[in-house]
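# Residue-level structure breakdown
As a plain string of letters, each chain reads:
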Amino acid sequence: MCGIVGYIGSREATPVLLDGLKRLEYRGYDSAGIATVSDGINIIKAVGRIAALEKKLLDNSLFGTVGIAHTRWATHGEPSEVNAHPHTDSEGNIAIAHNGIIENYRSLKQLLQKEGHTFRSATDTEVIAHLIERYYEGRDFEIAVQKALAQLEGTYGLVAICTKEPKKLVVARNGSPIVIGVAQGEFFVASDAAALLPYTRNVVYLEDGEMAVVTKDGYRTMTLDNKDVKKEVEKITWDLEMIEKGGFPHFMLKEIYEQPQSIRNLLGGKIKKNETDVRMRCLQNGFPEHVSRIDAIKILACGTSWHAGLVGAFLMEKLLKVPVTCEQASEFRYRQPVMVPNSLAVSVSQSGETADTKGAAQLAKKLGAYSMGIVNVVGSTIARMVDGGVYLHAGPEIGVASTKAFSSQVVAFSLLNLGLSHFMDQRQPLADGTKRIPDKDALKIVHELLSLPEKIERVLQTVYHKDTGDGIVQQIAREYKNTNNFLYLGRGYNYPIALEGALKLKEISYIHAEGYSAAEMKHGPIALIDRNMPVVIIAPHDSEEPESYKKIASNAEEVRARGGRIIAVVNEGDDEISKMAEWVIEVPNTLAHLVPVLATVPLQLLAYEIAVLRGHDPDKPRNLAKSVTVE
Ligand code: AGP
C-alpha cells in the first residue's frame, strides 16, 4: 500500500506534491521520491520518511508545474533510493509512480532485457516504465501506456509523465485506488483523497480497468482499450482522519476488513486453480546445495506471530512427517536449545524487528539451521538476516493489535507447507514412494486458499453489522463488556486460536482472558467455571479428524453442566454444540488448518467491539508498542 500524488496546473508542482505525500505517509513510509517535467524529467528520491525527501529538496530544487510523487511501502526490492519511486525508462523520458503488485514482472523484465533494456532497481514497477518505452512512438503517450498495461498481470494504481508530452498526466487503475482532484485550472491525482483536501473536495474516482489523461484544462476518462467513459464529479465529505482510516473509526477495524485483500495480495501469482505448484522464490530457486534435506523444523516467534506459528507447526508436522516445534523466541534463545542436523528455522514476525525473534533467528543460524522468514515489512532486520522467506504483502499494519498479519501468516504457512512438500518429496522421498501431500489433497488446499478471501468477506458480513450495530458479535460485546474474566477453549488447530482470541481481548479491552486447550480444562481450570465466566469455544467440524469435534462437544457439555455461559464458534449448519451455547457464531466450512483464519475474525471483532464499548482506543492500547524492539 503506497502513496501516489500527481499535479498539473499553474503552481510549482513540488510543494503540492510534498504536501500530498505527507498526508499519505500512513500508507507507506520506507522511501519516497518526486519527479517534475521541466526541460526533461528531474527526480529526487530519499530513503526513510518524507522528512528525508523534504530535506534533500532544500538543496536540490525541482521546478515545473507538472509532477508526480510517491511514498513507498516496499513489496519487491528492499527500501533504498534506487528502489524508491518514481521509476523511469532507459532514456529517462518516462517516469511512473505505482501502487500495487505486478505478478508477471519477472518474465516481462527478462523479455525487455533481451531487447536491450537496462534496469536499475529490483522493483516490479520499473518494468512498467520500460514497457511504456517499448510501445511509445513519440506521440499519444496514453496509447503507449494502454499497450503496456495490457501486458501486466496483477494490480496497479499508477500515474505517468513523459518529456515529449510534458503537459499531461496519464493515470490508470486496476486493483489499487486512484482519484482525480478537480479544481479551477489545475488537477490533482492521488491514491486516496487525503492528499487532495487542501486544494479541492471535488473528485472523480476511477474504477478498475479505467484510465484518464489529465491536462491543466481538463481530463478525459476512458477504458484501457480507449473507449470514453463518462464519470461523475463527487464531493468528499470525510475529514482527513476518516480518509486515512478508509471511513472506519479505527485502523484496527479497517485492517480486520482488509484481510480478504491482504490474503489475495499474498496468494497473488503463487498458486493457480487446478495446479498443485507453489511459486515461491524462496523455494523455486531451491535451497543451497548444503541443504540436502530437512529433518526438523523450528518455528520462532512472539505473541500473535507465535500463535500463527503454532498453527503452522501442527500443519507441517502432520503433512511433512518431520518433527516441527513452535517456540516462543524469548524462551528458545536462552534455554541452550539443540538443533539436529538438517534443521530448518522459520522466524515469523509482522514487523521483522522484534528483538526476541531476531535473537532466536540469529541463534538458530549459529546452530546450523537453514533460516527462513515469514515477514510483513520488506527489508526489515529479520527479513534481511534469514536465508530466504516469504513476504506477507499485507500492507502497513497500524493498529497495535495484529489482525491482518495473523491471517496472512497462517496462509503463508499453508503455502510454505505445500512448497516444502514438493521439495522434500524430491530430496528425501518417503519410504513407500508416495507424496507427502497427494495431488488431490494439494488441489483441495489450493482451492480452499483461493476461496478463503470471499469466505472471510462472508464472515465479516454476517457477524458484524457496521451500520446497524446489531450483528451477533456486537450483541455479545454489549452483554459481556463489563465482565472481568473470559475463557477461550480450542483443540488442535484451534488451540492457538483460543490463545489468539484471548490475547486480542486482553491487549485492547484490558479484561483478563485465558486461552486454553479444551482438553486441559479437566486438569484444573474447570474450577473457574460459573455463570460469571463467559467461555468462548472454537469448535468447527474437522472433516480430517471427526473425533475432535466429539471431544470438544463433551468439553462444552462439561462447561455447561457447571453453569458456564458458552459462546460457540462453529461451522455453518452446526446442530450439536450450538444447542449448548448461549451465543452461536457461524463460520463457513474449510480445511481444518484454514479454519483458524475464519474463526479468528469474529474474535478480533469481539475484542475490538468490547474495547470500544469500554471507552478504550483499540489502535493505541496502554503499555503496548507495535513492535517490541527491546527484550
Ligand atoms: C499482537 O496483537 C501483539 N501486537 C504482539 O503480540 C505481536 O504479535 C508480537 O509483539 C510480535 O510482533 P511481530 O509479529 O512484529 O514480531
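Bear in mind that the values here come from a model prediction, so they are computed numbers and not experimental data. (Residues numbered from 1 in each chain as written. Predicted model: local features only at pLDDT ≥ 70, side-chain atom pairs only at ≥ 80, totals over all residues. Heavy atoms only, no water.)

Along strand 20 (residues 485–490), five of the six residues are buried, which leaves the element largely enclosed by surrounding structure. As paired strands, strand 20 and strand 21 (residues 512–517) are joined by six bridges and run parallel to one another. Looking at the pairing, tyrosine 488 lines up with glycine 515 of strand 21. Taken together, strand 20, helix 17 (residues 495–509) and strand 21 form a β-α-β motif whose crossover is right-handed. Judged from the three bridges that link them, strand 20 and strand 22 (residues 534–538) form a sheet pairing that is parallel. Bridging from a neighbouring strand, leucine 487 pairs with valine 535 of strand 22. (Buried < 20%, exposed > 50% of the residue type's maximum accessible area, 1.4 Å probe, protein only. Helix = DSSP H or I, 4+ residues; strand = E, 2+ residues; numbered from the N terminus. Pairing = 2+ DSSP bridges. Right-handed = clockwise from strand over helix to strand, strands pointing away.)

With that out of the way, let us pick up the packing of helix 14 (residues 404–427) against helix 15 (residues 439–463). It is at 11 Å that the axes of helix 14 and helix 15 come closest, and there the two elements cross at 155°. For the element pair helix 14 / helix 15, the angle class is roughly antiparallel. As for how helix 14 packs across helix 15, the hand of that crossing is left-handed. Residues Val411, Ser414, Leu415 and Leu418 of helix 14 lie in contact with helix 15, whose contacting residues are Ala442, Ile445, Val446, Leu449 and Leu452. Considered class by class, the residues forming the contact of helix 14 with helix 15 number eight nonpolar, one polar and no charged. (Axes fitted to C-alpha atoms, helices over the stretch in contact; angles between N-to-C directions. Parallel < 35°, antiparallel > 145°, perpendicular 65-115°, else oblique. Left-handed = near helix turned anticlockwise from the far one by under 90°. Contact = heavy atoms within 4.5 Å. Nonpolar A, V, L, I, M, F, W, Y, C, P; charged D, E, K, R; others polar.)

For the rest of this paragraph, the subject is the environment of glycine 247. Note on placement: glycine 247 falls in the loop between helix 6 (240–244) and helix 7 (251–257). Residues in contact with glycine 247, not counting those within four places in the same chain, are Trp238 and Met242.

A word on the site of the ligand. Around the ligand sit 15 residues, and of these Ser305, Ser349, Ser351, Thr354 and Glu507 come closest. Interatomic distance of 2.7 Å between a side-chain N/O atom of serine 351 and an oxygen atom of the ligand. Protein chains shield 91% of the accessible area of the ligand, which is 410 Å² for the free molecule. Secondary-structure elements contributing two or more residues to the shell around the ligand are helix 10 (303–320) and helix 17. Residue composition of the shell around the ligand, grouped by class: five nonpolar, eight polar and two charged. (Near = heavy atom within 4 Å. Polar contact = N/O pair within 3.5 Å; in protein donor to acceptor, adjacent residues only side chain to side chain. Areas by Shrake-Rupley, 256 points an atom, 1.4 Å probe, with all protein chains shown as cover.)

It is worth spelling out the sheet that holds strand 8 (residues 169–174) at this point. Here six strands make up an open sheet; going across it, the order is 5-6-7-8-12-13 and the pairing antiparallel. Either end of the sheet is taken by a strand with one partner, and the two such strands are strand 5 (87–88) and strand 13 (218–223). Pairing of strand 12 (residues 210–215) with strand 13 involves six bridges; the strand directions are antiparallel. Within strand 13, the residue paired with valine 213 across the bridge is arginine 220. Lying over the sheet, helix 5 (residues 141–149) contacts strand 6 (94–99), strand 7 (156–162), strand 8, strand 12 and strand 13, oriented at roughly 145° with respect to strand 7.

Moving on to unusual backbone geometry. At the junction of histidine 85 and proline 86, the peptide bond is cis and its omega measures out at 0° in the coordinates. Within the fold, proline 86 resides in the loop between strand 4 (66–72) and strand 5. Not every positive phi belongs to a glycine, and asparagine 226 is a case in point at roughly 70°. Relative to the elements of secondary structure, asparagine 226 occurs in the loop between strand 13 and strand 14 (234–235). Assessed through its relative accessible area of 30%, asparagine 226 is described here as partly exposed.

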